[in-house]
Amino acid sequence: MAGIRVTEVDWQWLRNGAAHHTQEYPSPELVVRRGQMFTLVLELNYPLDNRETLIFTVETGPQASEALHTKAVFQTTELEVRDAWTAVKEAQMENTVTVSLTSPPDAIIGRYLLSARVSSRRKHSNRKLGEFVLLFNPWCPEDDVFLASEDERQEYVLNDNGIIFRGVEKHIQAQGWNFGQFEEDILNICLSILDRSPSYQDDPATDVSCRHDPIYVTRIISAMVNSNNDRGVVQGQWQGKYGGGTSPLHWRGSVAILHKWFKGRFKPVKYGQCWVFAGVMCTVLRCLGIATRVVSNFNSAHDTDRNLSVDKYVDSFGRTLEDLTEDSMWNFHVWNESWFARQDLGPSYNGWQVLDATPQEESEGVFRCGPASVTAIREGDVHLAHDGPFVFAEVNADYVTWLWNEDESRERVYSDTKKIGRCISTKAVGSDSRVDITGLYKYPEGSRKERQVYSKAVRKLFSVEASGRRARVRRIGGRGVWRDDLLEPTTKPSITGKFKVLEPPVLGHDLKLALCLTNLTSRAQRIRVNLSGATILYTRRPVAEILHESHTVRLGPEEEKKIPIKISYSQYKEDLTEDKKILLAAMCLVTKGDKLLVEKDITLEDFITIKCSQPRAPGESLGPVQ
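Definitions and limits used
- Residues numbered from 1 in each chain as written.
- Predicted model: local features only at pLDDT ≥ 70, side-chain atom pairs only at ≥ 80, totals over all residues.
- Heavy atoms only, no water.
- Pairing = 2+ DSSP bridges.
- Helix = DSSP H or I, 4+ residues; strand = E, 2+ residues; numbered from the N terminus.
- Axes fitted to C-alpha atoms, helices over the stretch in contact; angles between N-to-C directions.
- UniProt positions renumbered as here; feature names shortened; annotations may be inferred.
- Buried < 20%, exposed > 50% of the residue type's maximum accessible area, 1.4 Å probe, protein only.
- Polar contact = N/O pair within 3.5 Å; in protein donor to acceptor, adjacent residues only side chain to side chain.
- Contact = heavy atoms within 4.5 Å.
- Phe/Tyr/Trp six-rings, centres within 6.5 Å; stacked < 30°, edge-to-face > 60°.
- Lys NZ or Arg CZ within 6 Å of the ring centre and 35° of its normal.
- Core = buried A, V, L, I, M, F, W, Y, C linked by side-chain atoms within 4.5 Å.
- Domains from an automatic or database assignment.
- Disulfide = S-S within 2.5 Å.

*Asks:* Break down the sheet that holds strand S20 (residues 369–373) for me, with residues and values.
*Replies:* If you trace the six strands from one edge of the open sheet to the other, you get S20-S17-S16-S14-S23-S24, paired in antiparallel fashion. Edge strands, defined here as strands with exactly one partner in the open sheet, are S20 and strand S24 (434–436). Adjacent strand axes in the sheet meet at a mean angle of 30° when their direction is disregarded. In this structure, strand S23 (residues 422–427) lies alongside S24, joined through three bridges in antiparallel fashion. Following the sheet pairing, serine 425 is matched in S24 by aspartate 436.

Written out as structure tokens, the structure reads:
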């Protein structure tokens, strides 16, 4: 009589898919989550003897081995073991055996090959039953990615649509984004992203063996979503020129991007900016089973020199000197947060972790960012892995403006140091409304606690004494420049100023504003006001100057005056980018020496007029389309 062998497998797609919340994946293989039982029904050519057991082998990646935990061999038992692969025989009817397999909650994620043999047969009689895909499991309390709230799991793992917030602090706009993690081929593409990484290409066996760890996996994905160090998914472009590709503003979801990358043999897709990178990374991480959301930070600092300060150098008209100013403040920046435990840092830092695929600065030689614990950022623990100083600066850097004189001397100009990190936003759970999560990243701006945390972060970064506030800024013109009193604000000047928009800024119309200046003293003052304006990208990088004029103003004691400003459509129409943004600056030079810089970011609106063939019902209105 020939030996007993498995002749057919019923993968129980509907039953397992419902139990594992994976029924939406259109994958040809069964998709299950780690740390949770799944059931198979096996058909044998003969009934299984009571003395015989089924021996299963699961393996993933090349050169699978038990030593690297990329292979496991286990047989049917009566009991389930939590920290190992197990198989339990649930039922047997003649030639049919029902078994439940369970992976450990820290199993490696990815595509597995499942084989089986009967214990009475030799090893070489192993029969390949097929492949299945194992994902992270936010429903499993023992999994590092466990998320307790079912509503949040529905939103951050299973919702395939979302909202990304863009614009400026005073005018936040919502854009829909199709994550599409359950669309055709997306799971396969997400797994292939891991296999295209340099870590896998260099040492595939070791790389796969690390895929049990969400810290490792998210750091790989953060690097692979951009194309800077590898043939990653999206190529960035911030110059406003998108020839040979798609403008970042035209993407409405991740699916077309991922399909294009995969079908184009891993050629980076042109082009992306921060929200595109974040949208794609959210798709990939939700697809792999890690709870992930998209987060927008308004007035986001890009601190290139790790001094927790955005140092901006301007001329006497308030125009940024690009050759001296390495730091920048973007109107907004978009990144991701993923939810998992930090076994490397300790339980205090579990929860939301910042991940950023936008290629801004290198981390350990690769353009990637995170995971950085949001709790660590709020508490100023910038020394903890990964990339704490950069993320802390994005939300909490001081904004310092320097007037660069022709003799290469510099003077600090009063400006709002508290403008960084405003209205940090994400989509609400279960609705499309905006939730402000600034309080998760920092204590109230200007509060004693916030200043204490900032001081702590500076000390951690520079290892200076609590009383010493001397920090290296950067080298300029070949010589070291230092700033004392890093934590102290400048003395407020004797005047205040702000731009006031007189009419809504509409594309195709003239811009009408006023600069309102107020004398805060009881003596008359003369002020020279140098005005400049430029069309800009959302990174605040200037494109073209559209305003350059000077005024001399006399202010009586405690008097307020308004300087009218008009920018005609013909002045800005040729140089406006798709971002539709303009930056105005006023450098106010008081005769006795005070200096004040006033800035205003303007986003022009598109209005569409719709003519109705019938009268509108009472209460109906037409307005801007954003």
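*Asks:* Account for the UniProt feature "domain: Transglutaminase-like" (unreviewed entry) in the protein, with residues named and values stated.
*Replies:* Sites flagged by UniProt as "domain: Transglutaminase-like" (unreviewed entry) map to residues 266–359. From the first C-alpha to the last, residues 266–359 spans 18 Å; its make-up is 16% helix and 43% strand.

*Asks:* Residue-level account of the sheet that holds strand S31 (residues 560–567), with values.
*Replies:* Taken in spatial order, the three strands line up as S27-S28-S31 in an open sheet, and their pairing is antiparallel. Only two strands of the sheet have a single partner each, and these edge strands are strand S27 (495–501) and S31. Averaged over all pairs of adjacent strands, the angle between their axes in this sheet comes to 20°, without regard to strand direction. The pairing of strand S28 (residues 511–519) with S31 spans eight bridges and is antiparallel. Paired with leucine 511 across the two strands is isoleucine 567, which belongs to S31.

*Asks:* Explain the side chain of aspartate 381 to me, and be specific about the residues and the numbers.
*Replies:* Position of aspartate 381 relative to the elements: it lies in the loop between helix H9 (374–379) and helix H10 (388–396). Accessibility expressed as a relative area gives 7% for aspartate 381, which makes it buried. In terms of polar contacts, aspartate 381 uses its side chain to reach the side chain of tyrosine 349, at 2.8 Å. Discounting chain neighbours no more than four positions away, the residues touching aspartate 381 are Tyr349, Ala376, Lys456 and Lys460.

*Asks:* Any chance you could break down the packing of aromatic side chains for me, citing the residues and the numbers?
*Replies:* Applying the stated criterion across every chain yields a total of 24 aromatic pairs. Note on tyrosine 25 and phenylalanine 182: the rings are 4.8 Å apart at their centroids and 80° apart in plane angle, and the pair reads as edge-to-face. Here tyrosine 25, found in the loop between helix H1 (13–20) and strand S2 (30–33), pairs with phenylalanine 182, found in the loop between strand S11 (171–178) and helix H3 (186–195); they are 157 residues apart in sequence, far enough to count as distant. You'll find tyrosine 25 and phenylalanine 182 in the same group, each marked buried. Here phenylalanine 74 and tryptophan 85 contribute two aromatic rings whose centre-to-centre distance is 5.9 Å and whose plane-to-plane angle is 25°, an arrangement assigned as stacked. Pair noted here: phenylalanine 74 is in strand S5 (residues 71–77) and tryptophan 85 is in the loop between S5 and strand S6 (86–93), with a separation of eleven residues, a long-range link. Ring pairs connect the aromatic residues Trp238, Trp275, Phe277, Phe298, Trp330, Phe332 and Tyr538, which therefore count as one cluster. The aromatic ring of tryptophan 402 is capped on one face by arginine 410, whose charged end is 3.6 Å from the ring centroid.

*Asks:* I'd like a rundown of the nonpolar core, residues and numbers included.
*Replies:* Formed by 95 residues in total, the largest nonpolar core has its most connected members in Ile221, Trp275, Val280 and Tyr441. When residues in this core are grouped by element, the largest group, twelve residues, is from helix H8 (residues 274–288). Counting only domains with at least three residues in this core, you end up with domain 1 (6–135) and domain 2 (150–467). For tryptophan 275, the contacting residues outside a window of four places in its chain are Ile164, Arg166, Gln175, Trp177, Pro248, Leu249, Phe332, Val334 and Tyr538. Listed in part, the 31 residues of the second largest apolar core include Phe38, Leu129, Phe132 and Leu134.

*Asks:* Which residues make up the state of the cysteines, and what values do they have?
*Replies:* As enumerated under the stated definition, the model contains zero disulfides in all. Free of any disulfide, cysteine 282 has its nearest neighbouring cysteine sulfur in cysteine 190, separated by 11 Å. For cysteine 282, a relative accessible area of 0% translates into the label buried. Free cysteine: cysteine 516, not disulfide-bonded; nearest cysteine sulfur from cysteine 588 at 11 Å.

*Asks:* Go over the UniProt feature "active site" (unreviewed entry) in the protein with me, naming the residues and quoting the values.
*Replies:* In the numbering used here, UniProt assigns the "active site" (unreviewed entry) feature to Cys274, His333 and Asp356. Sequence-wise these annotated residues cover 83 residues; spatially they are packed, their C-alpha atoms never more than 9.8 Å apart. You can call histidine 333 buried: its relative accessible area is 0%. The contact partners of histidine 333, leaving out residues within four places of it in the chain, are Cys274, Val295, Ser296, Asn297, Ser300, Asp356, Thr358, Gln360 and Glu394. What aspartate 356 contacts, discounting residues up to four positions off in sequence, is Ser222, Met281, His333, Val334, Trp335, Arg368, Cys369 and Glu394.

*Asks:* Talk me through the side chain of threonine 70; I want residue IDs and the actual numbers.
*Replies:* Looking at the secondary structure, you find threonine 70 in the loop between strand S4 (54–60) and S5. In this structure, threonine 70 is in contact with Val58, Glu59, Thr60, Gln63, Ala64, Ser65, Ile108, Val208 and Ser209, ignoring residues within four places of it in sequence.

*Asks:* Any chance you could break down unusual backbone geometry for me, citing the residues and the numbers?
*Replies:* Here the residue pair lysine 270 and tyrosine 271 is connected by a cis peptide bond, since its omega of 5° sits within 30 degrees of zero. Along the chain, tyrosine 271 falls in strand S13 (residues 269–272). A cis geometry characterises the amide bond from glycine 370 onward to proline 371, with omega recorded as 0°. Within the secondary structure, proline 371 sits in strand S20.

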